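# Tertiary structure, described
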Amino acid sequence: MTHAQPLRLSVGSMNCAACTGRVEKAALSVPGVSDVAVNLASGTLQLRIAPPADTARIAQTLDDAGYPVRRAQATLTVSKLNCASCVGRAEKALTALPGVLEAAVNQATGRATVRYAEGALTPRDLAQAVTQAGYPAEIAQAARPHTHHDDTPAALRRFLIAAALTLPVFVLEMGGHLFGWQGGQPSRIVQFILTSAVLVWPGRAFYTTGFPALFKGAPDMNSLVALGTSAAYAYSVVATFLPDLLPEDVRVVYYEAAAVIVSLILLGRFLEARAKGRTGAAIERLIGLRPRTARILRNGTPEDVPLERVVSGDVILVRPGERIAVDGEIIHGESHIDESMITGEPLPVARGMGDAVTGGTVNGAGSFRFRATRVGADSTLARIIRMVEEAQGAKLPIQRLVDRITLRFVPAVLIVAAITVAAWLIFGPTLTMALVAGVSVLIIACPCAMGLATPTSIMVGTGRAAEMGVLFRKGDALQRLTGVRTVAFDKTGTITEGRPDLTDLHLAPGFGRAQVLGLVAAAESASEHPIAAALMRAAAAEGLPPAQPEEFDPLPGYGLHARVAGHRVLVGAQRLMAREGIETAPLAEVEANLARRGRTAVFAAVDGQLAAVLAVSDPVKPTSRAAVAALHAQGLKVAMITGDKAETAEAIARETGIDTVVAGVLPDGKVEAVETLRNTGPVAFVGDGINDAPALASADVGVAIGTGTDIAIESADVVLMSGDLRGVVNAFAVSKATMGNIRQNLFWAFGYNTALIPVAAGVFYPLLGVLLSPVLAAGAMALSSVFVLSNALRLRRLAPAMPKEAT
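The shown structure was predicted, so the numbers you read here are calculated from the model rather than taken from an experiment.

### Remarks on the side chain of Asp 724
Among the secondary structure elements, Asp 724 is positioned in the loop between β29 (718-720) and α27 (726-761). Within the structure, Asp 724 has its side chain in polar contact with the side chain of Arg 726 (distance 2.4 Å).

The following block contains the structure:
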């Protein structure tokens, strides 16, 4: 079976929820297409393709459906093109990429011109594909990559033109009503000319898109606007030029209604476009973190090159205050680096020889050189951007329900409008009342707000989460998190720091801390035991000079014997002291208490005398207890699943306030533990190691610590960019806030349509004398969409549930 490949396209002419249904239906009509997700707010389509589907066929299908795929073009310089077969192989490498529409390689000029679907890939991807085929390529000319097509300037221009043409029409018609002006036929002809200009110039998209969709049996929002305004316009034209066809008392014109409706809807489109641009602000800020150039050392000489030309293995010089270009490892120098864009931690972190650095972070006062390890699409920042984009393009289960409703909504509105006109013709006083009611129904029912309600909230919510260091790899995790009842944590590296440290040192009378710790660390320096590393780190942290033992004798199962600076040193369990005849009673109770607290305790003796008892443990992260308490405050149960022994796990559970402990389990056992916990409701599992991957994948929501392994991250639904568990609390907070925002938007959108359609149809006219004007209907419809977008944008101001200052 051929492996399906992901594809992301940027699609135009999507204006309402019905459009997303048409786009999805058109894409799925292409054999080989699956997993389709349409995002109205970002104007994107995500899907998976397998033969016989290809990008060109999908693009053509969408074009035919009235939703054109946006194209971009890039030019590459290609070398080693020695013959026609080289050209053929280079072209084949390009056309094999999902997203490429056509490619032409010119052997004489050494250039390749590629047309591709915007959003599917980047010029760098094109160059990399040709290079891997054996023909080194670089970007010569490329469209600027961006995450959202900005329609704001064009939308503003269309609205201003329409408003300028509509204002005289409005003044002429309303002046006659308000002040008794009698413009007569000349006035009507002027209104006809100006209104015609509005419809065929700034408003033409409603008709060129709406009527074809209607004739294909797939009406959308544009169809409603086109029908409503065309009815008002056509009636007015008949009243102007063929008045004898109408009864004398209904020879009125509605030019101003048609023109004002188009102008108001174009105003709404402009406000929507501006707001949509803001929904993608988080990704734009992430993209803005990438420097455009890097200072590479070539033969010892620094040279500024475009970021696209940096390759793995290049040595890059970073000066004070500069932004680091790509991921790498420091090979010379040291500095403090602001990594807040990755971890959210406000304080700069010291980095030196052998330490990893991340592209996009900011260097402090020092200068250093590093070797590039991950560039382009493999870099941490690129992966973050990709995760956020994928999450923003996801379709939540609640959105699929909305899509099913809106797919049938527009045809239902057309039926309601037809019934309204028929009822008014039969029971109403005049033909014009029937026209007013029918047009009002068509205009008020446009489902723009329905289509924008969910995707705009997802875009803003996941973007805000990314700024908090929480990445939703799968957008539907936003909805699934709200149903979680139990949060299960791995222990090592998740709740704890992930490496043992010296936690206690209790001295026997007559011995000093520096003396004992220095001798013990020197004795342990020849050992490979994890406890040895912890003791040496502690000595180094206290400024004790490193020393080597003169003799070293490991005693398996007991400890070790060494000679350091002329002293005989023993380090080990109580049985080693007993074997050597050293009395441990003075510190026996201390050692027992340490063991009960989950510590690994060892005795130390110097020259035959008991010197100290030392305890080593994997310390709990400073914020773990606060994070567990915050999860409890949200009504969640907290569990710990670990392969460590029960005594240690229970001690850490007591220290952090965890409810349930499952200890001594292998990776398969973690999966079984998750299944058991699921008996009380959905489970989120938080882990960082390779052994956590099965549990992350099997949980209802998998949350990976970003400082962990790539395997764990790839198995998760949510990634925390730092090892701080406050990110888990923030993930739940963002999920709750975003889903609440979506419910508010949907309530407004559906409630608005449900409430106002009967008003527009004139149901209340017999009782209250109320009949909604088509102009007011257009204004209310535009206002509805603006309200939904404005409400979604409130998520940009969402404060972290546990800010970095919280402990």
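### Focus on the UniProt feature "transmembrane region" (unreviewed entry) in the protein
With numbering aligned to this structure, UniProt lists the feature "transmembrane region" (unreviewed entry) at residues 159-180, 192-215, 224-246, 252-271, 405-427, 433-454, 746-765 and 771-793. Along residues 224-246 one finds 78% helix and 0% strand; the C-alpha atoms at either end are 25 Å apart. For residues 252-271, the end-to-end C-alpha separation is 33 Å, with 85% helix and 0% strand making up the annotated structure.

### Considerations on the pairing of strand β20 (residues 551-555)
Note that β20 and strand β21 (residues 559-564) share five bridges and pair antiparallel. From the neighbouring strand, Asp 553 faces β21, where its bridge partner is His 561.

### Comments concerning the side chain of Asn 741
Assignment of secondary structure puts Asn 741 in helix α27. Given a relative accessible area of 2%, Asn 741 falls into the buried group. Setting aside chain neighbours within four positions, we find Asn 741 in contact with Ser 457, Asn 791, Ala 792, Arg 794 and Leu 795.

### Quick notes on the environment of Ser 312
Tracing the sequence through the fold places Ser 312 in the loop between β9 (301-306) and β10 (315-318). A relative accessible area of 52% places Ser 312 in the exposed class. Ignoring sequence-local partners within four residues, the contact set of Ser 312 consists of Ala 372, Thr 373 and Val 375. In terms of polar contacts, Ser 312 uses its side chain to reach the backbone carbonyl oxygen of Thr 373, at 3.4 Å.

### What about the UniProt feature "domain: HMA" (unreviewed entry) in the protein?
Within the UniProt annotation, "domain: HMA" (unreviewed entry) is assigned to residues 5-70 and 72-138. The span residues 5-70 is 33% helical and 29% strand by assignment, and the distance between its end C-alpha atoms comes to 20 Å.

### As for the sheet that holds β21
As summarised here, the arrangement of the six strands in space is β19-β24-β23-β22-β21-β20, forming an open sheet in which the pairing is antiparallel. Strand pairing shows two members of the sheet lacking a second neighbour, β19 (501-507) and β20, which therefore form its edges. Between one strand and the next, the sheet's axes are offset by a mean angle of 20°, whatever the strand orientation. Sitting on the sheet, helix α21 (residues 585-596) touches β19, β23 (600-606) and β24 (609-617), and the angle it makes with β24 is about 5°.

Rules used in this analysis
- Residues numbered from 1 in each chain as written.
- Predicted model: local features only at pLDDT ≥ 70, side-chain atom pairs only at ≥ 80, totals over all residues.
- Heavy atoms only, no water.
- Helix = DSSP H or I, 4+ residues; strand = E, 2+ residues; numbered from the N terminus.
- Polar contact = N/O pair within 3.5 Å; in protein donor to acceptor, adjacent residues only side chain to side chain.
- UniProt positions renumbered as here; feature names shortened; annotations may be inferred.
- Pairing = 2+ DSSP bridges.
- Buried < 20%, exposed > 50% of the residue type's maximum accessible area, 1.4 Å probe, protein only.
- Contact = heavy atoms within 4.5 Å.
- Axes fitted to C-alpha atoms, helices over the stretch in contact; angles between N-to-C directions.

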